[in-house]
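Descriptive analysis of the structure
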Amino acid sequence: MNTAVVYPVGTAPIKAEFLLAAPGRSLPIVDDSAAEEGTNHAAQKRKQEKDSQDESAVKKQKLSGAQRRKLTKEEKKAQRGSNKGRRWAKVRDEVDLCWRFAGSGKCDFGSECRFSHDIPAYISAKPRDIFFPLGTPLSNEPPFVALPGALENGDGVEESSVDFTTRCPIFEATGSCRLGLKCRFLGGHVRKSEDGTVALVEDEEKKARTLAANTELNFVSPGTLKLLRAKKYPTPISNTYLQELKTMTQEQESKEEPDNTPADAQPVDPVPVTEPDVAPAVEEASAAAAEPVSTSPTDIVMEPAPTKSSEEEAAAQVDTPEVPPRFAEKRRLNWSNKTYLGPLTTVGNLPFRRLCVSFGADITCGEMGLATSFLSGSKEEWSLVRRHPSESMFGVQLAGSKPATLMPTAEVIGKECGSSGIDFVDLNCGCPIDLVFRTGSGSALLDAAGKLGKILLGMNKALGEIPMTIKLRTGVKEGRNTSHKLMPRITAEWNVAAMTLHGRTRQQRYTKLADWDYIKECVDTVRSREADEDLPRIPIFGGGDAFSAEDYWSKVDHSGVDGVMIARGALIKPWIFTEIKERREWDISSRERLELIRKYAEFGLDHFGTDTAGVNTTRRYLCEALSFQYRYVPIGLLEHLPPRINDRPPLFRGRDELETLLASGDSRDWVKISEMFLGPAPESWTFTPKHKSNAIGGEEGQG
């Protein structure tokens, strides 16, 4: 007689034949706040955080067993979560060939170039080409990816570093490779001449045919970055609006000044001043007091204006701000029946978004960028606005705390990218991490409605016809939801074109289930005000815990939202968008999942480059993606459906060896998977997993 397996609450119900341990023994808890915590915006905090971690480690070593059992909730929380302060060293070639010379054979710096122009020395010193299994059948049994016989056996391999049997994925897709001789798949786009040298080849017909479909958008010129760093980039619309805010604030403060006149004082009739020596003094004092805010035309013509040269007149005309379009003239967002991939710091990069688009994501949004970093001309921050042509509806998300930084950032983005480069700009009012919250950004704006309104109105003016959207949480503190009061004002008073509400407070982070009943209450409140004031209907998306097609559509039907923003669900299973559109649960095979990984590697090489640095940057982000995807439990292993995102699986095996490998939480296995497509990892390359629970032993999961 078979005994039914009892699954503790929060445990994935895996069938008994696939269990490797009792259901009570689940995999370690993973802190999903790491999905929002980046490694690129917190450089100034890394040393402090590392010192704090080291101090905690010392304390931990001194605790006895009894003391460890008495750790407080806060101390236990500090010992899990994300590895902060991770550093990534670039791996370079032994002979660093000039990238200009590698592509065209020419370099403007000539002999003064600090990089090498010695092609024979580079070819002899570079590592052997990587074999990319483009079009090669994949298997769910070892070795999973079949190598050419000569490479697999080690026989017949020439001494040359160029492997003419390999294929460059970028050349195969576009007819050329921008990295030229620096490409690690060089044998795929060179020919060998009679004297033994190699020459680059291009497929001009394919290059012309695929140019528009493969050229990324929203590149910002070095000249623009230079102007931003020097604080000389003109932002006339922002300057005008910020001056208006300053004037309004001064007038409000003057009205609020206390009246120090005694209560029993008698009113005194004004006496006209007739003395000639007093009147000029009074007039002079009045003029001096009125000078900062004077707008009277008579004040302007009293002094003769200096004559301007023709060049100055031309410059003045260029800098004259255009009249911003009214809200009614802005583009409307029609997001009904659209799937939305939410912004995800670090892991939501362009290759990942492109992968999700291939599975059916309609709306994509770049990683959260800090307004202050944009204004300082950070090259890394400006790379976040990059867009692939396959992204049909693309937005940029900004975080900040002041109109003085967010509005100029929006104006610069609007000018540099234009309405053809971005479809909307999203203001982050939901980020819960401490580093952002303490600056007054992210979810801290939920408790500052007045400032939020000024920010939204200003950004709307600065963006011209580009619509403004916003992402919110239900509130800051648990049990004190505030968004039902804020959301009607956002649409009616501050002219936002779309809203997304995550169903948790800032304090909850990702603990407890999202409150979809409250999301419904907020949607009903907004729709009611729209109807009362005859306002245009704007898209409202919800967010939280959607992990299957059944989850998605039941939440839409229950709450009345136009859709559900997918974030963590897409990290764990990027094919969720296919499930949503086809209204089915996809029992994806391990071989199909490996094909997905190959596609991600190809997209990563296209974006980051096929040289040594680009290959290992792609490897790093591929391992980041696998640090989430390993958490997927194949639905064919579950006792019942649908799967739930917060359920943790017991130790289990897959239906084949590849499925078992893909379920491994060991970061060394992620590196092993990356080597199937990106070649062996260099000895100097390491990977520190984002989650502490994935670190190996007491180390940081060296790859």
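Cut-offs applied
- Residues numbered from 1 in each chain as written.
- Predicted model: local features only at pLDDT ≥ 70, side-chain atom pairs only at ≥ 80, totals over all residues.
- Heavy atoms only, no water.
- Helix = DSSP H or I, 4+ residues; strand = E, 2+ residues; numbered from the N terminus.
- Buried < 20%, exposed > 50% of the residue type's maximum accessible area, 1.4 Å probe, protein only.
- Contact = heavy atoms within 4.5 Å.
- Areas by Shrake-Rupley, 256 points an atom, 1.4 Å probe, with all protein chains shown as cover.
- Polar contact = N/O pair within 3.5 Å; in protein donor to acceptor, adjacent residues only side chain to side chain.
- Salt bridge = Lys/Arg side-chain N within 4 Å of Asp/Glu carboxyl O.
- Core = buried A, V, L, I, M, F, W, Y, C linked by side-chain atoms within 4.5 Å.
- Axes fitted to C-alpha atoms, helices over the stretch in contact; angles between N-to-C directions.
- Left-handed = near helix turned anticlockwise from the far one by under 90°.
- Nonpolar A, V, L, I, M, F, W, Y, C, P; charged D, E, K, R; others polar.
- Expected span 1.5 Å × (residues − 1).
- pLDDT = per-residue confidence, 0-100.
- Parallel < 35°, antiparallel > 145°, perpendicular 65-115°, else oblique.

This part is about the overall build of the protein. A tally of regular secondary structure across the protein gives 28 helices and 11 strands. Residues counted as buried form 48% of the 703 residues belonging to the protein. Counting only contacts in the protein whose residues sit at least 6 apart along the sequence, the fraction spanning at least 24 positions is 74%. Accessible surface computed for the protein: about 35,700 Å², of which carbon and sulfur atoms make up 52%.

Our focus in this paragraph is the environment of D163. Structurally, D163 is set in the loop between α6 (149-153) and α7 (169-174). Separated by 25 residues in sequence, D163 and G188 have C-alpha atoms that sit 7.9 Å apart. Within the structure, the side chain of D163 is placed 2.6 Å from the side chain of T165, a separation counted as a polar contact.

With that settled, consider the pattern of salt bridges. Counted according to the given criterion, the structure contains 36 salt bridges. For the salt bridge of D423 with R331, the shortest nitrogen-to-oxygen distance reads 4.0 Å. In this pair, D423 is assigned in the loop between α17 (403-421) and β7 (424-429) and R331 in the loop between α13 (310-319) and β3 (340-341), connecting sequence segments 92 residues apart. D524 is the partner of K520 in a salt bridge, and the nearest nitrogen-oxygen pair spans 3.6 Å. Here the residue K520 and the residue D524 both occupy positions in helix α21 (residues 516-533), the gap between them amounting to four residues, near one helical turn. In this structure, a network of salt bridges that share partners links the residues D434, R438, R506 and R509.

This paragraph deals with the nonpolar core. Of all hydrophobic cores here, the largest spans 131 residues; its most connected members are L427, I470, L472, M499 and F677. When near neighbours in sequence (up to four residues on either side) are disregarded, L472 contacts C429, G430, L446, S483, L486, M487, I490, M499, T500, L501 and H502. Counting residues in hydrophobic clusters, the runner-up holds 11 residues, among them L333, I363, F541 and M565.

Here we take up the packing of helix α20 (residues 483-492) against α21. At a minimum axis distance of 9 Å, the contact between α20 and α21 shows a crossing angle of 35°. Note on packing geometry: the crossing formed by α20 with α21 is right-handed. Only Y518, E521, C522, T525, V526, R529, E530 and E533 of α21 make contact with α20, whose side of the interface consists of S483, H484, M487, P488, R489, T491 and A492. Looking at the contact of α20 with α21 residue by residue, the class counts come to six nonpolar, four polar and five charged.

A word on helix α10 (residues 236-255). If you check α10, its first and last C-alpha atoms are 29 Å apart, about what 20 residues at 1.5 Å a residue would give, namely 28 Å. Along α10, the residues classified as buried are P236, I237, S238, Y241 and L245.

On to the confidence of the model for the protein. Looking at the protein, the pLDDT average stands at 82 and 76% of residues meet or exceed 70. Contacts of residues 54-60 to residues separated by more than four positions or lying in other chains number one contact, the stretch itself having pLDDT below 50. Across residues 267-321, confidence stays below pLDDT 50; counting only partners more than four residues off in sequence or on other chains, it has 13 contacts.

The subject of this paragraph is the packing of helix α14 (residues 350-358) against helix α25 (residues 590-608). It is at 8 Å that the axes of α14 and α25 come closest, and there the two elements cross at 135°. Relative to α25, the element α14 lies oblique. Classified by chirality, the crossing of α25 by α14 is right-handed. Listed contacts from α25 to L350, P351, F352, R354, L355 and S358 of α14 are L596, K599, Y600, F603, G604, D606, H607 and F608.

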